[in-house]
Structure formats: C-alpha cells, structure tokens
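Report on the structure
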Amino acid sequence: MLDIARIKKIISQDDDISQCSNNAAFVITAATEKFLQHLVEQSYNIVKSERKPRRNIQYRDVANAVARVENLEFLSDVVPKTQTYKQYKAKKDVAAPKVAAAANGQHTLDATMGADQPVVIEAHVTESTAMDIDATNNPAS
C-alpha cells in the first residue's frame, strides 16, 4: 500500500490545492493503487504472451501494454515504446528533407510541398487599422 503521508506531500506541491483532507488523500491513494495494479496486470499479460515468458516485467512490457491496451493509450506520451539508435536515425533522416525544404521558404501555409494550387492570402488594411484577410486558392489576384 502506498504511504498516505507521501501522497499528501505530493498533493501539497500543487499550487491550486491549499488543503487536502485525510479522506481525500486516502481515496487518491486507493485509486492510484488500483490504477497501478491494472497497469502491471496488463504489462504482465504482455509478458505471458511472449514465446518465452519471463518472471519479471521490464520497461518494454509496460510500453507495449500502453501501446496495445486501449484504455492506457493516454500514457503513450509518458511511456513511449523504445527504439534503437538505428531506428531513430532512420526516422530522423526521413524527416530531414521536409525540414530542409521548409527552411528554403518553399512551402505552403500547411507546410506541405507541391500542393496543386497554392493558397494566397491578401491583407487589406482599412482606415480603422483593422486587417481584413482574404484567403483564396486563386493566385491571379
């Protein structure tokens, strides 16, 4: 079981919460324990489904559970799947030409290359210094 005093200390770090009752801290502790139990059970199911099951859970098992279980998808930014340096470098090399093209200023408003018709924005400043913006797909304005 998680220590309620530690949970209260974590809660007190939040500037939006001035005080926390013991009952609220207990409920938060119980909910956290249930959540962690569910996460570990789903991770253990990933381990059991492998060809050669192990007795321990590793980070990659938790990351696979987050990627595969629908109600854990909200953790995908916090627990990303691991990738090798080779995979990272290949992904970076694929993205590099797009960034280079954008650096040359040769892109449309949605940052895509080679759009069928470019989007042209016309700005008209009126006497009241309000700016009217007219976006059209017609470059002949």
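A quick note: this is a predicted structure, and the numbers were derived from the prediction, not measured.

**A closer look at the packing of helix H2 (residues 22-48) against helix H3 (residues 59-68)**
Relative orientation of the contacting elements H2 and H3 amounts to 100 degrees, with a least axis distance of 8 Å. Between H2 and H3, the crossing angle belongs to the class labelled roughly perpendicular. Two secondary-structure elements touch here, H2 through Leu-39, Gln-42, Ser-43, Ile-46 and Val-47 and H3 through Asp-61, Val-62, Asn-64, Ala-65, Val-66 and Arg-68. A breakdown of the residues in the contact of H2 with H3 according to their chemical character gives 6 nonpolar, 3 polar and 2 charged.

**Description of the side chain of Asn-64**
In this structure, Asn-64 sits in helix H3. Relative accessible area serves as the criterion here: at 16%, Asn-64 is assigned to the buried category.

**Focus: the pattern of salt bridges**
Between side chains of opposite charge, pairing is possible as soon as their charged atoms come close. The final tally for this structure, using the stated rule, is 2 salt bridges. Across the pair Glu-50 and Arg-54 runs a salt bridge whose closest N-O atoms are separated by 3.1 Å. Asp-61 is the salt-bridge partner of Arg-54, the closest N and O atoms lying 2.8 Å from each other. Considered together, Arg-54 and Asp-61 belong to a single accessibility category, that of buried residues. In this structure, a network of salt bridges that share partners links the residues Glu-50, Arg-54 and Asp-61.

**A few points about the confidence of the model for the protein**
Do not read the predicted coordinates in detail wherever pLDDT is low. Residues at a pLDDT of 70 or more form 67% of the protein, whose mean pLDDT is 77. The spread of mean pLDDT over the elements of the protein runs between strand S2 (residues 131-136), the lowest at 46, and H2, the highest at 93. In this model, residues 118-139 is a region of pLDDT below 50 whose contacts with residues beyond four sequence positions or in other chains number 28 contacts.

**As for the packing of aromatic side chains**
Under the definition given, this model contains 2 aromatic pairs. Centroid distance Phe-35 to Phe-74: 6.2 Å. Interplanar angle 45 degrees. Geometry classified as tilted. With Phe-35 in helix H2 and Phe-74 in the loop between H3 and helix H4 (85-103), this residue pair connects regions lying 39 residues apart in the sequence. On the accessibility criterion, Phe-74 (56% relative accessible area) is exposed. The interplanar angle of 40 degrees and the centroid separation of 6.5 Å between the aromatic rings of Tyr-85 and Tyr-88 together place this pair among those described as tilted. Residue Tyr-85 and its partner Tyr-88 are located together in helix H4, separated by 3 residues, close to a single helical turn. Owing to a relative accessible area of 60%, Tyr-85 belongs among the exposed residues under this scheme. Taking relative accessible area as the criterion, Tyr-88 reaches 41% and is therefore assigned partly exposed.

Criteria and cut-off values
- Residues numbered from 1 in each chain as written.
- Predicted model: local features only at pLDDT ≥ 70, side-chain atom pairs only at ≥ 80, totals over all residues.
- Heavy atoms only, no water.
- Axes fitted to C-alpha atoms, helices over the stretch in contact; angles between N-to-C directions.
- Helix = DSSP H or I, 4+ residues; strand = E, 2+ residues; numbered from the N terminus.
- Parallel < 35°, antiparallel > 145°, perpendicular 65-115°, else oblique.
- Contact = heavy atoms within 4.5 Å.
- Nonpolar A, V, L, I, M, F, W, Y, C, P; charged D, E, K, R; others polar.
- Buried < 20%, exposed > 50% of the residue type's maximum accessible area, 1.4 Å probe, protein only.
- Salt bridge = Lys/Arg side-chain N within 4 Å of Asp/Glu carboxyl O.
- pLDDT = per-residue confidence, 0-100.
- Phe/Tyr/Trp six-rings, centres within 6.5 Å; stacked < 30°, edge-to-face > 60°.

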